[in-house]
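Commentary on secondary and tertiary structure
Each chain is listed here by its residues.
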Amino acid sequence: MLKFFRKYNKMLLAFFMVLLMVVFVGGSALQGLLTPNVSRTVAESDLGSIGGEHFREAEAITRILGAMGMNWTQPMGPGHTPLEKVDWILLTREVQKYQTQASIPAVKAGFQDENLDALIDGVSRQLRVKPNHIYQAIAQYKSVQVAAQAVAGAAIPSAAEVRVAARDRLSKVKVRVVVLPAAAFADEQREFSEEELQEHWSKFSDAKPERGLNFGYYVEPALSVQYIKIDLGVLAEQIRIANHEKRAKRYFDESRESDPAFRRPPEEDAEPDEADLEGPPQSAQEEPKSPYLDWEEAKAAAMDIVRRQHAEEAAERIAIWLCHYDAEEWLEVQRERTGYKPAPEKVASLDYYDRIVGQIPPTISYPEAVTVVKTDEFFRADVHEVEGIGFATYGSGRSGARPMPFATLAFRSQPVAEQVPFESGASYTDYLSQYQTCPYPLTDAEGNRYVFRPVSATPGHASESVDEVRERVVEDLQLLRGYELAQSWAQTLREYSVDGGLEEAYRADDELPDLFASPEVQGGGLFDSSLVSRSESDRVWAGSGIGQVPNDVVEKWFALEDSADQLDIYELPDRATVLVAEWAESEPATLEEFEEMGEQLALQIRSRRAREVIADWLNPEHIRARNGLKVVD
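This write-up is about the structure you can find in this document. Note that the structure is a prediction, hence the values are computed from the model and not measured.

Thresholds applied
- Residues numbered from 1 in each chain as written.
- Predicted model: local features only at pLDDT ≥ 70, side-chain atom pairs only at ≥ 80, totals over all residues.
- Heavy atoms only, no water.
- Pairing = 2+ DSSP bridges.
- Helix = DSSP H or I, 4+ residues; strand = E, 2+ residues; numbered from the N terminus.
- Axes fitted to C-alpha atoms, helices over the stretch in contact; angles between N-to-C directions.
- Contact = heavy atoms within 4.5 Å.
- Patch = residues over 30% accessible without salt bridge, like charges linked within 9 Å, V, L, I, M, F, W, Y side chains within 5 Å.
- Areas by Shrake-Rupley, 256 points an atom, 1.4 Å probe, with all protein chains shown as cover.
- Salt bridge = Lys/Arg side-chain N within 4 Å of Asp/Glu carboxyl O.
- Lys, Arg positive; Asp, Glu negative; His and termini not counted.
- Charge placed at Lys NZ, Arg CZ, Asp CG, Glu CD.
- Buried < 20%, exposed > 50% of the residue type's maximum accessible area, 1.4 Å probe, protein only.
- 1 Å grid on protein atoms, 1.4 Å probe; cavity = no way out; pocket = protein on both sides within 12 Å on 5 of 7 lines; lining within 4 Å.
- Points joined across faces, edges and corners; volume = space filled by probe spheres on them.
- Expected span 1.5 Å × (residues − 1).
- Core = buried A, V, L, I, M, F, W, Y, C linked by side-chain atoms within 4.5 Å.
- Nonpolar A, V, L, I, M, F, W, Y, C, P; charged D, E, K, R; others polar.

Taken together, four strands build an open sheet; the order of strands is 13-3-17-16 and the sheet is antiparallel. Each edge of the open sheet carries a strand with a single partner, namely strand 13 (525–528) and strand 16 (567–572). Mean inter-strand twist for the sheet, computed between neighbouring axes without regard to direction, equals 25°. With ten bridges joining them, strand 3 (residues 172–181) and strand 17 (residues 577–587) adopt antiparallel strand pairing. Bridge assignment links Val-173 to a residue of strand 17, and that residue is Ser-586. Strands strand 3, strand 16 and strand 17 of the sheet are contacted by helix 18 (residues 470–500), whose axis makes an angle of about 170° with strand 16.

On to a negative patch on the surface. On the surface, Asp-187, Glu-188, Glu-471 and Glu-475 cluster together to form a negatively charged patch. By relative accessible area, Glu-188 is classed as exposed at 67%.

Attention now goes to the layout of surface pockets. The computed volume of the largest pocket comes to approximately 1,100 Å³. Looking at the largest pocket, it is lined by 32 residues, and the ones nearest its centre are Leu-119, Ala-327, Thr-429, Gln-436 and Pro-439. Contributions of two or more residues to the lining of the largest pocket are made by helix 4 (52–67), helix 7 (116–127) and helix 15 (295–330). With seven residues, helix 15 is the single largest residue contributor to the lining of the largest pocket.

Compared with an ideal rise of 1.5 Å per residue, which puts 31 residues at 45 Å, helix 18 spans 46 Å between its outermost C-alpha atoms and is within 8% of the ideal. Looking at helix 18, one finds that the buried residues are Val-473, Asp-476, Leu-477, Gln-478, Leu-479, Gly-482, Tyr-483, Ala-486, Ala-490, Leu-493 and Ser-497.

This part takes up the nonpolar core. Membership of the largest hydrophobic core comes to 39 residues, with the highest contact counts inside it found for Ile-228, Ile-230, Leu-235, Ile-318 and Leu-322. Contributions of two or more residues to this core are made by strand 5 (222–230), helix 12 (232–238), helix 13 (244–255), helix 15, helix 16 (352–357) and strand 11 (449–458). Ranked by residue count, the leading element in this core is helix 15, at 14 residues. With near-sequence residues (within four places) excluded, Leu-235 lies in contact with Ile-230, Ala-311, Ala-314, Ala-315, Ile-318, Tyr-366 and Ala-369. Within the second largest apolar cluster, 34 residues are counted, among which are Ala-67, Ala-147, Ala-148 and Ala-152.

To continue, consider empty space enclosed by the protein. In total, this model carries one cavity of 30 Å³ or more according to the counting rule given. Size it by volume and the largest cavity reaches roughly 60 Å³. As for the largest cavity, its lining consists of Leu-409, Arg-412, Thr-429, Asp-430, Tyr-431, Leu-432, Cys-438, Pro-439 and Tyr-440. Classifying every residue of the lining of the largest cavity gives six nonpolar, one polar and two charged.

Next up, the structure:
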């Protein structure tokens, strides 16, 4: 060792001199590297101070929850104001304070999804965190939910509240109604001056159109997608099936009585000739044929069915492989504040699909059956005009699943919505980033499979002139004038009903009855409602011809019994319809109904109260107020 120092003493001395110079010259920088970063306190609360390290921890937790498809901003679902990270910090501290934390073993036991391990493994690799950290994040999320449910447990209605609710809910009313839809009075030939068009358009140029008289001339976004089509017919021609006939025979034996393809078509009735009538004795006649085809008759159909089955399996394998291939390209990409991931350079080009089609493994590749298409831009309302994929859906073959149409999946994407709308209850997994392939293969009526991704869009925008939406403006003005005529007719009916009632006023002149009897006019006329009661929902079904009416209108119908003329006019701008309603009868709640429905009503009231209490408890303003949050200057 001493020989080493003697031999290299000059070199070592030079090294230590350099190190000493670094310490003196760059001392502050070196100290900054070696000293732990202690974040300053940014807020105080009754549950302790909040610093930058707490926000970093919350960021890590919420990123994991987002990747797991858990919407931490609305942990109890839509119905309350979305949370921010400071609210999440305060809520999790409240959970600790009241000792309602969910344990990791309880979280694991509570999950029944057999794909959970695979999902956690994928998120673990994507975010580069340990699986145990993911379980900790889920436990925190579940703890907030448990605490919210505990708070809601206090929402128990009193017996008096239940009795009042039962009286209101179980009482019924019946009315006689003349329905006057604006469309019945709209003149499709009516023209308007340029000044009228301009004035009407200017009122609604930037509003989104809704039902009835809620006019709007906002131009919806137009989307362009790129898709890969796997043509089932072409694939079926190319596919080779080992022991094809043997497989077909097995299918025939198993499905002869259940598959309609093997049922013998009914024979046509024919007039028998005299020879047939004089035929052999009954004992010598042929046995009646089986209602099912025999193997030789059904062989071709059975082989076609087996061929289609194999083609569908092959098409599904290709589609799933394509989705998985694309998903791997996005695994390491972090989400931005918008909720979307920026497209990797390799993916963000229109030749990407051509390249991945060329990567399909030879064992499942059928090149002639696979094509790549880029659509022109289309509006959501015109989605069925998009060739091929326009009618495709996901989930139509899954038991009990509700099919998701192409339009729903395509328009939930970054080119259309610049930010994931968390406030509406959406999560990261609901929306596609630009150039990101939809993880769900779609199928059309012919069995063709589709894999698609959104590539570009013309954003929605306020219309820039009348000319851009002229046809809509003209149609809406015609409807508005029709509504004004409907209002006028309603006033006339009311005036003439004073002496003889609504039905007599309606039939006093043939004009209205003849109008609504015309096949060109949809809806409208004189109707008796069913016995209707108040509802928890916003609308009540009042019977055929009348349709749904707002709950507040039904409330007013109950009051008609005690009014002077027991008749009133109700304007429904959302339906562009005017109603003239006359009270017919009321039916109060009975004791038997109360005894039968009391418990159910108590549960409904408790459920509604629980939703209100949870929304109040999760309101960010209330979270911060009850925990004494104060920002530190």
